[in-house]
Amino acid sequence: MQHLPFWIVTYVLALTAWGCLARFAMQFFVAPESPNYIWRGFRMLTGWAVAAARFLVPSYVGAAMLPLVAAAWLFAARFVFGIWMIGLGMAPSVVAPPP
């Protein structure tokens, strides 16, 4: 239970980042307002990350590239969070604890 915050946050960040990559790939095959339930699910899952990316990147970055940019930010945030948790001693360790 001591590593639960680490696993929850990294899982949510990874799930959203991979969802952004799937949304980026799928946008070339599906209309933006398609009733397809998979497309709607990806948009619902990644909407907050794409909106944050829209706020963080310059306006000349096209809307089609925003899911890709959001995925890059999320993977970076996951990496930084993991390093931070290791520094705090709250991440799982590969080394077995002493007896």
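Look a little higher up for the structure.
Residues numbered from 1 in each chain as written. Predicted model: local features only at pLDDT ≥ 70, side-chain atom pairs only at ≥ 80, totals over all residues. Heavy atoms only, no water.

K.L.:
I would appreciate a short explanation of the pattern of salt bridges in the present structure.
P.N.:
A side chain of one charge can pair with a side chain of the opposite charge if their charged atoms are brought near each other. Under the definition given, this model contains one salt bridge. A salt bridge links E33 to R43, with the nearest nitrogen and oxygen atoms 3.4 Å apart. Linking E33 in the loop between α1 (4-26) and α2 (37-56) with R43 in helix α2, this pair joins segments that are ten residues apart in sequence. The class for E33 is exposed, based on a relative accessible area of 65%. (Salt bridge = Lys/Arg side-chain N within 4 Å of Asp/Glu carboxyl O. Helix = DSSP H or I, 4+ residues; strand = E, 2+ residues; numbered from the N terminus. Buried < 20%, exposed > 50% of the residue type's maximum accessible area, 1.4 Å probe, protein only.)

K.L.:
Before we go on, may I ask you to explain the environment of A52 in this structure?
P.N.:
Within the secondary structure, A52 is located in helix α2. A relative accessible area of 33% means that A52 is categorised as partly exposed.

K.L.:
Just checking my understanding: could you explain α1 for this structure?
P.N.:
What sets the pattern is the α-helix's 3.6 residues per turn: residues three or four places apart point alike. Given a rise of 1.5 Å per residue, 23 residues ought to cover 33 Å, and the 32 Å separating the end C-alpha atoms of α1 matches this to within 8%. Buried within α1 are the following residues: F6, T10, L13, A14, T16, A17, G19, C20, R23, F24 and M26. Summarising the contacts, the buried residues of α1 are in contact with α2 and α3 (66-88). (Expected span 1.5 Å × (residues − 1). Contact = heavy atoms within 4.5 Å.)

K.L.:
Looking at this structure, how should I read α3?
P.N.:
With 23 residues, α3 should reach 33 Å at 1.5 Å per residue; the first-to-last C-alpha distance of 32 Å fits that figure. Within α3, the full set of buried residues consists of L66, P67, V69, A70, A71, L74, F81, G82 and M85. The elements touched by buried residues of α3 are α1 and α2. G89 occupies a position one or two residues after α3 and carries a positive phi of about 75°.

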